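# Structure at a glance
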Amino acid sequence: MRPFAYVKPADLDAAVHAVAGDPGARFLGGGTNLVDLMREGIERPDTVVDVTALPLDEVIELPDGGLRIGALVRNSTLAADLRVRNRYPVLSQAILSGASAQLRNMATVGGNLLQRTRCPYFYDRASACNKREPGAGCDAFGGVNRSHAVLGVSDSCIATHPSDMCVALAALDAVVEARSVRGTRRIPLVDFHLLPGDTPQNETALAADELITAVELPPIAAPSRYRKVRDRASYAFALVSVAAALEVRDGTVTAIRLALGGVAPKPWRAHEAERLLLGGPATEEAFRRAADAELAPATVRPGNAFKVELARATLAATLRELSTGEDAG
Ligand code: SF4
């Protein structure tokens, strides 16, 4: 491991000043992804700014009925918060479906937003990877790509975003708050993560010197849930996941929010499916038609073509469960 400087600021101002003008600095929260990347030599910071002493570890009620989640709230704490479990079950379920209890106890909300892909070629420095080394090529194209993306991909990168929590946040219209020496700004979660295009190394809208300070959730009345399909029952990334909130009145869809995980380089807000369903009948046929339309632009490879039908079926099943109140587990 390369030597690096370590600082632990006591307040927000000191934290953002510690990285200002230093593109080689990285913020450290729970460390569950950054430390792994440093061990592998993929992240090579000059300075690690440990932010765990900052007062960003509370979940606070907002006047409009929403919640403000501090960036240092641990994933396990957030999943167990009664307000989250009762009002945003999709978020609690998504967090509990990810990683292991030990990792959830360490991982922070801010760090979860910034976790990097688990594409095996990205972690293998003997492989070609445009994300790790721009212009190097991509060994996933002709390699083992069963876990890779089918929506939002480019000729440079087909990696998936690994987070479950972020899929729920995308469906919930969450807003990320970030702070730097220039001040505070708010970024909608759906705009926070970037598609790869020609620059797969650029993964978020966050500037190098910006610190995530909070995530805000608007109020929501519709029932919601998270469904995840994976290779084994625990400690596995999603092959496909669905975060959904659905309100039905007299057989008509009156509110809907949908996002997909495991299928795209970012949490995938299913705008087309939402558009087709809102104001229409809450029927199996409508759910399937919307799922078909959302997956229609998919670009598949031999290893991951199965994800299209899996995503269609999971999306339709999640909507059916929400519309009928059934629980298929
Ligand atoms: Fe790298 Fe993306 Fe290709 Fe994986 S899919 S090897 S992350 S460029």
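Residues numbered from 1 in each chain as written. Predicted model: local features only at pLDDT ≥ 70, side-chain atom pairs only at ≥ 80, totals over all residues. Heavy atoms only, no water.

Pairing is parallel across the open sheet formed by three strands, whose spatial order is S1-S3-S2. The sheet is open, and its two borders are formed by strand S1 (5–7) and strand S2 (25–28), each paired with just one other strand. Across the sheet, the mean angle from the axis of one strand to that of its neighbour is 20°, orientation sign disregarded. Pairing between S1 and strand S3 (residues 47–50): three bridges, direction parallel. Paired with Val7 across the bridge in S3 is Val49. (Pairing = 2+ DSSP bridges. Helix = DSSP H or I, 4+ residues; strand = E, 2+ residues; numbered from the N terminus. Axes fitted to C-alpha atoms, helices over the stretch in contact; angles between N-to-C directions.)

The strands that make up a sheet pair up through hydrogen bonds in the backbone, lying either parallel or antiparallel. Read from one edge to the other, the open sheet built from five strands follows the order S4-S5-S8-S6-S7, with strand pairing classed as antiparallel. Lying at the two open borders of the sheet, with one neighbouring strand each, are strand S4 (59–61) and strand S7 (183–188). Direction aside, neighbouring strands of the sheet carry axes that sit 25° apart on average. Note: strand S5 (residues 67–70) against strand S8 (residues 211–217), four bridges, orientation antiparallel. Bridged to Arg68 within S8 is Glu216.

Our focus in this paragraph is the site of the ligand. Of all residues adjacent to the ligand, which total 14 residues, the nearest are Cys119, Cys129, Asn130, Cys138 and Cys157. More than half of the atoms belonging to the ligand lie within 2 Å of the grid points that define the largest cavity. Considering only residue class, the shell around the ligand consists of ten nonpolar, three polar and one charged. (Near = heavy atom within 4 Å. 1 Å grid on protein atoms, 1.4 Å probe; cavity = no way out; pocket = protein on both sides within 12 Å on 5 of 7 lines; lining within 4 Å. Sits in = over half its atoms within 2 Å of the grid points. Nonpolar A, V, L, I, M, F, W, Y, C, P; charged D, E, K, R; others polar.)

When the domains of the protein chain are assigned, the result is domain 1 (5–52) and domain 2 (225–324). Averaged C-alpha coordinates put domain 1 and domain 2 at centres separated by 36 Å. (Domains from an automatic or database assignment.)

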